[in-house]
2 protein chains.
Amino acid sequence: MGERVTIRDVAARAGVSVATVSRVLAGNYPTSTASRAKVLRAVKDLDYVANAHARALAGAGRKTIAVLMYDVVGAFYAQVAQGVEMEAAQHGRLTLVSSTGSDPARELALVQMMREQAAEAVVLVGGVTQDDEYRQRMARYAEVLAAAGSRLVLCGRPAPAPDVPALVVEYDNEAGAHAVTSHLLGAGHRRIALLGYQPGNTTGEDRLAGYLRALADHGVPRADAVLHGVGFGQNHGYRAMRDLLDAADGKPEFTAVFAGDDRAAAAAVIALREYGLRVPEDMSVVGYNDDPVAGDITPGLTTVHIPAEEMGRTAVRRALSGASGTGQERHVLGTHIVIRHSVRPLRGGSAAAGAGGALD
Amino acid sequence: MGERVTIRDVAARAGVSVATVSRVLAGNYPTSTASRAKVLRAVKDLDYVANAHARALAGAGRKTIAVLMYDVVGAFYAQVAQGVEMEAAQHGRLTLVSSTGSDPARELALVQMMREQAAEAVVLVGGVTQDDEYRQRMARYAEVLAAAGSRLVLCGRPAPAPDVPALVVEYDNEAGAHAVTSHLLGAGHRRIALLGYQPGNTTGEDRLAGYLRALADHGVPRADAVLHGVGFGQNHGYRAMRDLLDAADGKPEFTAVFAGDDRAAAAAVIALREYGLRVPEDMSVVGYNDDPVAGDITPGLTTVHIPAEEMGRTAVRRALSGASGTGQERHVLGTHIVIRHSVRPLRGGSAAAGAGGALD
DNA sequence: CTGAAAGCGCTTACAG
DNA sequence: CTGAAAGCGCTTACAG
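On a predicted model such as this, the values are computed, not experimentally measured, just so you know.

Definitions and cut-offs
- Residues numbered from 1 in each chain as written.
- Chains lettered and ligands numbered in written order.
- Predicted model: local features only at pLDDT ≥ 70, side-chain atom pairs only at ≥ 80, totals over all residues.
- Heavy atoms only, no water.
- Pairing = 2+ DSSP bridges.
- Helix = DSSP H or I, 4+ residues; strand = E, 2+ residues; numbered from the N terminus.
- Axes fitted to C-alpha atoms, helices over the stretch in contact; angles between N-to-C directions.
- Least-squares fit on C-alpha atoms with pLDDT ≥ 70 in both.
- Contact = heavy atoms within 4.5 Å.
- Buried area = accessible area lost by both parts, 1.4 Å probe.
- Salt bridge = Lys/Arg side-chain N within 4 Å of Asp/Glu carboxyl O.
- Polar contact = N/O pair within 3.5 Å; in protein donor to acceptor, adjacent residues only side chain to side chain.
- Nonpolar A, V, L, I, M, F, W, Y, C, P; charged D, E, K, R; others polar.
- Parallel < 35°, antiparallel > 145°, perpendicular 65-115°, else oblique.
- Left-handed = near helix turned anticlockwise from the far one by under 90°.
- Phe/Tyr/Trp six-rings, centres within 6.5 Å; stacked < 30°, edge-to-face > 60°.
- Lys NZ or Arg CZ within 6 Å of the ring centre and 35° of its normal.
- 1 Å grid on protein atoms, 1.4 Å probe; cavity = no way out; pocket = protein on both sides within 12 Å on 5 of 7 lines; lining within 4 Å.
- Points joined across faces, edges and corners; volume = space filled by probe spheres on them.
- Buried < 20%, exposed > 50% of the residue type's maximum accessible area, 1.4 Å probe, protein only.
- Near = heavy atom within 4 Å.
- Domains from an automatic or database assignment.
- UniProt positions renumbered as here; feature names shortened; annotations may be inferred.
- Core = buried A, V, L, I, M, F, W, Y, C linked by side-chain atoms within 4.5 Å.
- Right-handed = clockwise from strand over helix to strand, strands pointing away.

Caption draft 1: A look at the sheet that holds strand 7 (residues 226–228) of chain B. Residues and elements named next belong to chain B. Spatially, 7-6-8-9 is the arrangement adopted by the four strands of the open sheet, whose pairing is parallel. Strands at the two margins of the open sheet, each flanked by one partner only, are strand 7 and strand 9 (284–286). Sheet twist, expressed as the mean angle between neighbouring strand axes with direction ignored, is 20°. Taken together, the four bridges between strand 6 (residues 192–195) and strand 8 (residues 256–259) define a ladder with parallel strand orientation.

Rendered as structure tokens:
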């Protein structure tokens, strides 16, 4: 339908030059009240909107922020994306979202596309397997992006090397695991099963580290640690819990479960019930992430809140304010434990457990 | 850092004209093997990527699909967004995501921005209050978008009028409500409370209509319908359930609850437990949406699955294949009921309830 | 305060 | 198969 109306059409109808139209619209240069009125009138009459591509080519216009992640439906990813989008919008930027499905080839292709789009920053989200291949890949992204005046932002994943010019926004994953494990230990639990440990994955490794450190801090021998399952999420959590229960014939030695994430924890609660074990009466359970599900189930899950949306916001805030491309910048946001109803003090444990409102 | 490398640089290094470089890269025109090799070599050496804006201006390049929704973290929205993104990616399109926060002014501003970006389609997602203002607004969007060769797609919200040139992708919301209510009726329930009715909101109205129709079909007098609460979600669901229970002093006349959505249903289960009522033994509960939470809680929630991701996919598939701008096109996707463990047959009810696997 | 003109980096008829 | 040139729709020094 109808040919697109251009700045030339507006200029003609307003009886001024295209330069004047451009200036009136940009508002960054003096223009007479008369021209302004005529131009605005013409813009309205013709329902003109500028061509963003032409604007960008000429070196002006709205920039865009790109966020690349495994998928969009995971609560963590969705929250980070939301934070990115909101902060970007606040700064007049548009947000491009793409999912990589953890395919490095696709990820690379997307980074290239974002270079083509002249994205102001490219935000990569979520835990990874940190190996040499990963480090090299990220270093290369950072370099090419910096060369194009853009910026690589690593969100919830580690910096590949100290000298890579990336902006890193993480949360204190290890500390959160330490805190929630300590909470369990403080409540008197000694045998705590860690569910869904993911070897290699940075997120899983950090949680394991926090768990082990808490055990050590409380004098629990490493031999008493119970690790089982691979991977997070509902299915893995259920499977791992069943395995453990099956192996122990429904009478496990451990009295508490630290699930890799809340969805795994929720599934563990179900598996426990199927074995006739009540939470928290017979088994205490904690999760991680403060996923919406943590507040939706009974009992409410004690878990670790991670500032996902804030990470997204911080990612773009820093990307926009930083000296582009130079050096590495790192931000670690705090986590905090959210106490609900899934932990119960054991014997002489402290009274740390059991607080919190019904829906919180 | 480093000046951006352009097609001219590539041409110079390869010893050919920019036209040849363009042709080699586009691959839509014959080029000699020799030139091709030289160009590809130069592209690699210089790490060249084309400027998407210049490409777009010249009338080529990757297009983009825009999706505008209330927010990104709601499970429904996230799923639709995921569907849009995946289908768009499959067709070589990029996806721009923005949240409107249900602010019409912001929505309008975003539609304008998408016109500027020359988005190939603009997808608006989610239920609305359908009044004249809404209809006019959508009609206008459809018109200006069509004039710009783009397309307005309404996803999960009604067409404003039959002649508005929009693409509408809905799901059979009323039928889903009818089915799940009938499931309850089939299990012998007569007094069924509808929780979280949202007057005015199209999604809420349709669910109410399905509920009432099922009641009528089963000969339950309209006077036996119980409607309470405004709005969906955890907080509203909890509040509404508590209200009803408080009013009945914990001994409600109804034996089943149809919550407006799954998160409200999950909260209702919690409220019921606080009153010592077990689900499904003392009260059957069903939800809507097949939100992840439905499978995460105990008992698993019987609910209505809505094809959110498929809606997103259909939205872009149709937008890309349709004759642009012409007329209205409407697609209604089916819903189906997902039976888990939150419904229990009453007295002489049929044996319809109680099936389904542990985690499903 | 305003206009003519160059230029942003591509693509694509038009000649050859 | 290849190149010179026009053109996409803006913005912004440069004159005035």
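Structure shown, so let's carry the discussion forward.
Caption draft 2: Region of the structure containing the relation of the copies chain B and chain A. With an axial shift of 0.0 Å and an RMSD of 0.0 Å, the rotation relating chain B to chain A amounts to 180°. Such a turn and shift between the copies fits a two-fold axis.

Caption draft 3: Examining the interface of chain B and chain A more closely. Listed per partner, the contact involves 59 residues of chain B and 59 residues of chain A. Buried surface at the junction of chain B and chain A, both sides included, amounts to about 5,500 Å², of which 55% is carbon and sulfur. Taken together, the connections running from chain B to chain A amount to eight salt bridges. For Arg115 of chain A, the salt bridge is made with Asp47 of chain B, and the minimal N-O distance between the two is 2.9 Å. Put simply, chain B and chain A have 19 residue pairs in polar contact (both at pLDDT 80 or more) between them. Of all the secondary-structure elements, those providing two or more residues to the side of chain B that touches chain A are helix 4 (52–57), helix 5 (75–90), strand 2 (94–99), helix 6 (104–116), helix 7 (132–147), helix 10 (233–247), helix 11 (262–274) and helix 12 (292–296) of chain B. The element best represented in the side of chain B that touches chain A is helix 5 of chain B, accounting for seven residues. When grouped by side-chain class, the residues that make up the side of chain B that touches chain A number 31 nonpolar, 14 polar and 14 charged.

Caption draft 4: Region of interest: the packing of helix 1 (residues 7–14) of chain A against helix 3 (residues 33–46) of chain A. Residue and element names in this part refer to chain A. Interhelical geometry of helix 1 versus helix 3 gives an angle of 125° and a closest axis separation of 8 Å. If you check the angle between helix 1 and helix 3, you find them oblique. Helix-helix and strand crossings are classified by hand; for helix 1 and helix 3 the assignment is right-handed. Contact residues: Asp9, Val10, Arg13 and Ala14 in helix 1; Lys38, Val39, Ala42, Val43, Asp45 and Leu46 in helix 3.

Caption draft 5: Layout of the packing of aromatic side chains. Residues and elements named next belong to chain A. In this structure the tally under the stated criterion is 10 aromatic pairs over all chains. Among the aromatic residues, ring-to-ring pairing joins Tyr70, Phe76, Tyr77 and Tyr171 into one connected group. Seen from the ring of Tyr288, Arg207 lies directly overhead, with NZ or CZ sitting 3.7 Å from the centre.

Caption draft 6: Examining the sheet that holds strand 7 (residues 226–228) of chain A more closely. Residue and element names in this part refer to chain A. Spatial strand order, 7-6-8-9: four strands in an open sheet with parallel pairing. Only two strands of the sheet have a single partner each, and these edge strands are strand 7 and strand 9 (284–286). Recorded for the sheet is a direction-independent mean angle of 20° between the axes of neighbouring strands. Looking at chain direction, strand 8 (residues 256–259) and strand 9 are connected through three bridges and run parallel. Looking at the pairing, Val257 lines up with Val285 of strand 9. Against the sheet, helix 8 (residues 173–186) makes contact with strand 6 (192–195), strand 8 and strand 9, and its axis sits at roughly 170° relative to strand 8, the strand it touches most. Strand contacts of helix 11 (residues 262–274): strand 6, strand 8 and strand 9, with the helix running at about 160° to strand 9, the strand carrying the most contacts.

Caption draft 7: Representation of empty space enclosed by the protein within the structure. For the structure on display, the rule yields six cavities of 30 Å³ or more. Space inside the largest cavity adds up to approximately 80 Å³. The wall of the largest cavity is formed by His53, Thr64, Leu94, Leu96 and Gln117 of chain A together with His53, Thr64, Leu94, Leu96 and Gln117 of chain B. Split by residue class, the lining of the largest cavity holds four nonpolar, six polar and no charged.

Caption draft 8: Geometry of the side chain of Thr302 of chain A. All names here are of chain A. Within the secondary structure, Thr302 is located in the loop between helix 12 (292–296) and strand 10 (303–305). Residue Thr302 is classed as buried on the basis of its relative accessible area of 0%. Here Thr302 is in contact with His183, Val285, Val286, Gly287, Ile337, Val338, Ile339, Arg340, His341, Ser342 and Val343, once residues within four sequence places are set aside.

Caption draft 9: Up close: the packing of helix 8 of chain A against helix 9 (residues 202–217) of chain A. All names here are of chain A. At a closest axis distance of 7 Å, the pairing of helix 8 and helix 9 adopts a crossing angle of 40°. Viewed along their axes, helix 8 and helix 9 adopt a mutual orientation that is oblique. Classified by chirality, the crossing of helix 9 by helix 8 is right-handed. Contact with helix 8, carried on its side by Asn173, Glu174, Ala175, Ala177, His178, Thr181, Ser182 and Leu185, involves Thr202, Thr203, Asp206, Arg207, Ala209, Gly210, Tyr211, Arg213, Ala214, Leu215 and Asp217 of helix 9 and no other residues of that element. The residue makeup of the contact of helix 8 with helix 9, split by class, is seven nonpolar, seven polar and five charged.

Caption draft 10: Structural detail: the protein's contact with DNA strand D. Neighbouring residues of DNA strand D: 26 residues in total, closest Ser22 of chain A together with Arg23, Pro30, Ser32 and Ser35 of chain B. Per the 4 Å cut-off to the protein, sugar and phosphate atoms form 65% of the nearby atoms of DNA strand D. The separation between a phosphate oxygen of DNA strand D and a polar main-chain atom of Ile7 of chain A is 2.7 Å. For the surface near DNA strand D, the secondary structure elements donating two or more residues are helix 2 (18–26) and helix 4 (52–57) of chain A together with helix 2 (18–26) of chain B. Class assignment of the residues belonging to the surface near DNA strand D gives a composition of 14 nonpolar, nine polar and three charged.

Caption draft 11: Geometry of the domain arrangement of chain A. Partitioning chain A into structural domains gives domain 1 (7–57), domain 2 (64–171 + 307–332) and domain 3 (173–306). Computed from C-alpha coordinates alone, the two centres of domain 1 of chain A and domain 2 of chain A are separated by 36 Å.

Caption draft 12: Main features of the pattern of salt bridges. Evaluated as defined, the whole model comprises 52 salt bridges over all chains. Residue Asp290 of chain B is joined to Arg340 of chain B by a salt bridge in which the shortest nitrogen-to-oxygen separation is 3.0 Å. Taken as a pair, Asp290 of chain B in the loop between strand 9 and helix 12 and Arg340 of chain B in the segment after strand 12 (336–338) lie far apart in primary sequence, 50 residues in all. The same class applies to Asp290 of chain B as to Arg340 of chain B, namely buried. Each of Glu87, Glu309, Glu310, Arg313 and Arg317 of chain A takes part in a single network of salt bridges with overlapping partners.

Caption draft 13: Local environment of the UniProt feature "domain: HTH lacI-type" (unreviewed entry) in chain A. UniProt feature "domain: HTH lacI-type" (unreviewed entry): in the numbering of this structure it lies at residues 5–59 of chain A. Structurally, residues 5–59 of chain A comprises 67% helix and 0% strand, and the distance from its first C-alpha atom to its last is 21 Å.

Caption draft 14: The nonpolar core, seen in detail. Ranked by internal contacts, the top residues of the largest apolar core, which has 93 residues, are Phe76, Val125 and Phe258 of chain A together with Phe76, Val125, Tyr211 and Phe258 of chain B. When sequence neighbours within four positions are dropped, the list of residues in contact with Phe76 of chain B reads Val125, Gly126, Tyr171, Ile306, Ala308 and Met311 of chain B. By size, the runner-up hydrophobic cluster in this structure holds 56 residues, among which are Ala267 of chain A together with Ala264, Ala265 and Ala271 of chain B.

Caption draft 15: Examining the pairing of strand 1 (residues 64–69) of chain A more closely. Residues and elements named next belong to chain A. Buried residues dominate strand 1, accounting for six of its six residues. Burial along strand 1 is two-sided: Thr64, Ala66 and Leu68 facing one way and Ile65, Val67 and Met69 facing the other are all buried. Note: strand 1 against strand 2 (residues 94–99), six bridges, orientation parallel. Counterpart to Thr64 in the pairing with strand 2 is Leu94. After leaving strand 1, the chain enters helix 5 (residues 75–90) and then returns to the sheet as strand 2, a path that is right-handed.

Caption draft 16: Representation of the protein's contact with DNA strand C within the structure. In the vicinity of DNA strand C, 26 residues are found, and the nearest of them are Arg23, Pro30 and Ser35 of chain A together with Ser22 and Arg23 of chain B. Near the protein, meaning within 4 Å, the atoms of DNA strand C are sugar or phosphate in a fraction of 65%, with bases accounting for the rest. The separation between a phosphate oxygen of DNA strand C and a polar side-chain atom of Tyr48 of chain B is 2.8 Å. Between DNA strand C and Ala54 of chain B, the relevant distance is 3.3 Å, taken from a base nitrogen to a main-chain nitrogen or oxygen of the residue. Of all the elements in the fold, those that place two or more residues in the surface near DNA strand C are helix 2 of chain A together with helix 2 and helix 4 of chain B. Across the surface near DNA strand C, the residue classes break down as 14 nonpolar, nine polar and three charged.

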